[in-house]
Amino acid sequence: MDKKRTKNISKFLSYLLRHNPGEIGIILDENGWTSVSILLEKINVDTQTLSMEELIYVVDTNEKKRFAFSEDKTQIRANQGHSINVNLALNAKEPPSYLYHGTVAKFLESIQATGLQKGSRHHVHLSADKETAINVGSRRGKPIILTIKSGEMHAKNHTFYQSENGVWLTDEVPVGFIEF
Ligand code: HQG
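In this text the structure is predicted, and so the values were computed from the model without any measurement. In this numbering scheme, every chain counts its residues from 1 along its sequence in written order. The model is predicted, so local features are restricted to residues of pLDDT at least 70 and side-chain atom pairs to those at 80 or more, both for listing and for counting; the totals for chains, interfaces and linings are taken over all residues. Working from all heavy atoms in the structure, the side-chain values ignore hydrogens and water.

*Asks:* Even after reading the chapter, I still don't get the overall build of the protein chain, so can you show me in this structure?
*Replies:* Helix and strand counts for the protein chain stand at six helices and nine strands. The globule rule used for comparison is 2.2 Å times the number of residues to the exponent 0.38, while the radius of gyration itself is calculated over C-alpha atoms. The C-alpha atoms of the protein chain give a radius of gyration of 18 Å, which matches the 16 Å a tight globule of 180 residues would have. For the protein chain, the spread of C-alpha atoms along the three principal axes comes to 55 × 30 × 25 Å. Relative to its 180 residues, the protein chain shows a buried fraction of 41%. Here a residue-residue contact requires only that any non-hydrogen atoms of the pair lie within 4.5 Å. Contacts in the protein chain between residues at least 24 apart in sequence constitute 70% of all its contacts with a sequence separation of at least 6. Residue burial considers only the protein chains on display, and all accessible areas are found by Shrake-Rupley using a 1.4 Å probe. Carbon and sulfur atoms make up 48% of the accessible area of the protein chain, which amounts to about 10300 Å² in all. Positive: Lys, Arg. Negative: Asp, Glu. His and the chain ends are not part of the count. In this description, the location of a charge corresponds to atom NZ of lysine, CZ of arginine, CG of aspartate or CD of glutamate. One finds the centroid of the 22 positive side-chain charges in the protein chain at a distance of 7 Å from the centroid of its 21 negative side-chain charges. Secondary structure elements are taken from DSSP: a helix is a run of H or I of four residues or more, a strand is a run of E of two residues or more, and numbering for both begins at the N terminus. Each residue gets one of three labels from its accessible area relative to the maximum for its type: buried under 20%, exposed over 50%, partly exposed in between, using a 1.4 Å probe on protein chains only.

Shown next as C-alpha cells:
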C-alpha cells in the first residue's frame, strides 16, 4: 500500500477511535475497544474500501504504534490520544528524571502562566527523547522544546503513566517543573 493511503487510513482511524466513533456509527467499550468486523463493515458501507489485510498493515506499520488489536484481532483500539472518555487502564509508572515536550512560541506565554495543560486530551503528552518532542512541536511550526523535571514531579506525588506506545502521560505540569 502506498504511503499516502496508509497515512490517510491512519488519520481516519485516529479520528474514529479517539474522537468520533459515532461518525460511522460504531461504539467503543469503556476501555476504548471496538469490533474489527463491525468497523470494517461500517467503513465499507457503500463500496469495499478497506480490507482486513490493509487494516493489519496500517496497524503493524504505524510509526507511532497508534493502534492495537486484541490478541485474536477481533477488537481494535487507539493506544492513546483520546478526547472521548475511555479508560485505558494505564498503570502508574515512575518516570525518568527528565521528559520533554515539544510546542511552539505562540503558546509560551500561556504555558508560563498556567503550566502545561491537557486541553481537550486526557493527559499532557511527554516523551523520553528530545527527537520525538521536536517532531511533535514541528506539527505546528518551529519547535520549542521544554524540559520537564519529571523526577521532581514524581517525588512530589504527581502520577505518570506510559501508554503502550511509549508516550509519557500526566495530568498537568505546573510551571515550576518546566525549564524554558
Ligand atoms: C499546548 C500527536 C497554551 C501544547 C503528537 C500543544 C503527540 C498549551 C497544544 C500527541 C498549554 C496541545 C500530543 C497552555 C499546553 N497554554 N498552550 N497552558 N499547555 N499547550 O495536540 O502534546 O499524531 O493536544 O504545547 O505527536 O502537541 O495524535 O498535544 O502544542 O504525541 O498520535 O497546546 O499528539 O500524536 O496540542 O500532542 P495537542 P501535543 P498523534
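On we go.
*Asks:* What should I look at first to understand the sheet that holds strand β1 (residues 34-35) in this one?
*Replies:* Strand pairing in a sheet relies on backbone hydrogen bonds, with the paired strands running either antiparallel or parallel. Strands were regarded as paired on the criterion that DSSP finds at least two bridges between them. Taken in spatial order, the three strands make up an open sheet running β1-β3-β2, and their pairing is antiparallel. Of all strands in the sheet, those with a lone pairing partner are β1 and β2 (67-69), marking the two edges. In this sheet, strand β3 (residues 75-78) lies alongside β2 in antiparallel orientation, the contact comprising three bridges. Across the sheet, residue phenylalanine 69 finds its bridge partner in β3, namely isoleucine 76.

*Asks:* How do you make sense of the nonpolar core when you look at a structure like this?
*Replies:* Generally speaking, soluble globular proteins have nonpolar side chains that are buried together. Remark: nonpolar core denotes a set of buried residues (Ala, Val, Leu, Ile, Met, Phe, Trp, Tyr, Cys) joined through side-chain atoms within 4.5 Å. Judged by nonpolar contacts, the single largest core of 21 residues is most densely connected at Leu13, Leu17, Leu39, Leu55, Phe67 and Ile76. Of all the elements in the fold, those that place two or more residues in this core are α1 (3-19), α2 (36-43), α3 (52-61), β2 and β3. Beyond its immediate sequence surroundings of up to four residues, phenylalanine 67 is in contact with Ser10, Leu13, Ser14, Leu17, Val59, Asn62, Ile76, Arg77, Ala78 and Asn79. Core analysis: the second largest hydrophobic core is formed by 14 residues, Leu126, Leu146, Trp168 and Phe177 among them.

*Asks:* Sorry if this is basic, but what is going on with the site of the ligand here?
*Replies:* Think of it this way: one heavy atom of a residue within 4 Å of a molecule or strand is enough to make that residue near it. In the neighbourhood of the ligand, 17 residues make up the surrounding shell, with Arg18, Lys64, His101, Thr103 and Ser110 lying closest. One of the side-chain nitrogen or oxygen atoms of threonine 103 is found 2.7 Å away from an oxygen atom of the ligand. With respect to the ligand, the side chain of arginine 139 contributes an N or O atom lying 2.9 Å from an oxygen atom. Examining the composition of the shell around the ligand, we find that three residues originate from one element, helix α4 (residues 108-114), more than from any other. Gly falls in the polar group here, along with every residue not listed as nonpolar (Ala, Val, Leu, Ile, Met, Phe, Trp, Tyr, Cys, Pro) or charged (Asp, Glu, Lys, Arg). Considering only residue class, the shell around the ligand consists of four nonpolar, seven polar and six charged. Residue assignment places the shell around the ligand across two domains, with domain 1 (3-78) and domain 2 (99-179) each supplying three or more. Polar contact is defined as a pair of N or O atoms within 3.5 Å, subject to the rule that within protein one atom must be able to donate a hydrogen and the other to accept it, and that residues adjacent in sequence are counted only when both atoms are side-chain atoms. Domain limits in this description derive from either an automatic procedure or a database domain assignment.

*Asks:* Honestly, the pairing of strand β4 (residues 99-103) in this entry has me stumped. Any pointers?
*Replies:* Each regular strand displays side chains that alternate between the two surfaces of the sheet. The buried fraction of β4 amounts to five of the five residues, a majority that puts the element mostly inside the structure. Side chains Leu99, His101 and Thr103 project from β4 onto one buried face, and the interleaved Tyr100 and Gly102 project onto a second face that is buried too.

*Asks:* Before we go on, may I ask you to explain the environment of alanine 133 in this structure?
*Replies:* The topology assignment puts alanine 133 in helix α5 (residues 130-138). Classification of alanine 133 by relative accessible area gives buried; the value is 1%. Discounting chain neighbours no more than four positions away, the residues touching alanine 133 are Tyr100, His101, Gly102, Ser127 and Ile145.

*Asks:* Looking at this model, I keep getting lost on the sheet that holds strand β5 (residues 124-126). Mind explaining?
*Replies:* Taken in spatial order, the three strands line up as β5-β8-β7 in an open sheet, and their pairing is antiparallel. Every interior strand has two partners, whereas the edge strands, β5 and β7 (160-162), have only one. Pairwise comparison of adjacent strand axes, ignoring direction, gives a mean angle of 30° for this sheet. Two strands pair when backbone bridges link them, and β5 and strand β8 (residues 168-170) are joined in this way by three bridges, in the antiparallel orientation. Opposite leucine 126, over in β8, you have tryptophan 168 as the bridge partner. Whenever a helix is involved, its axis is fitted only over the stretch in contact; in every case the axis is a line through C-alpha atoms, and angles between N-to-C directions fall within 0 to 180 degrees.

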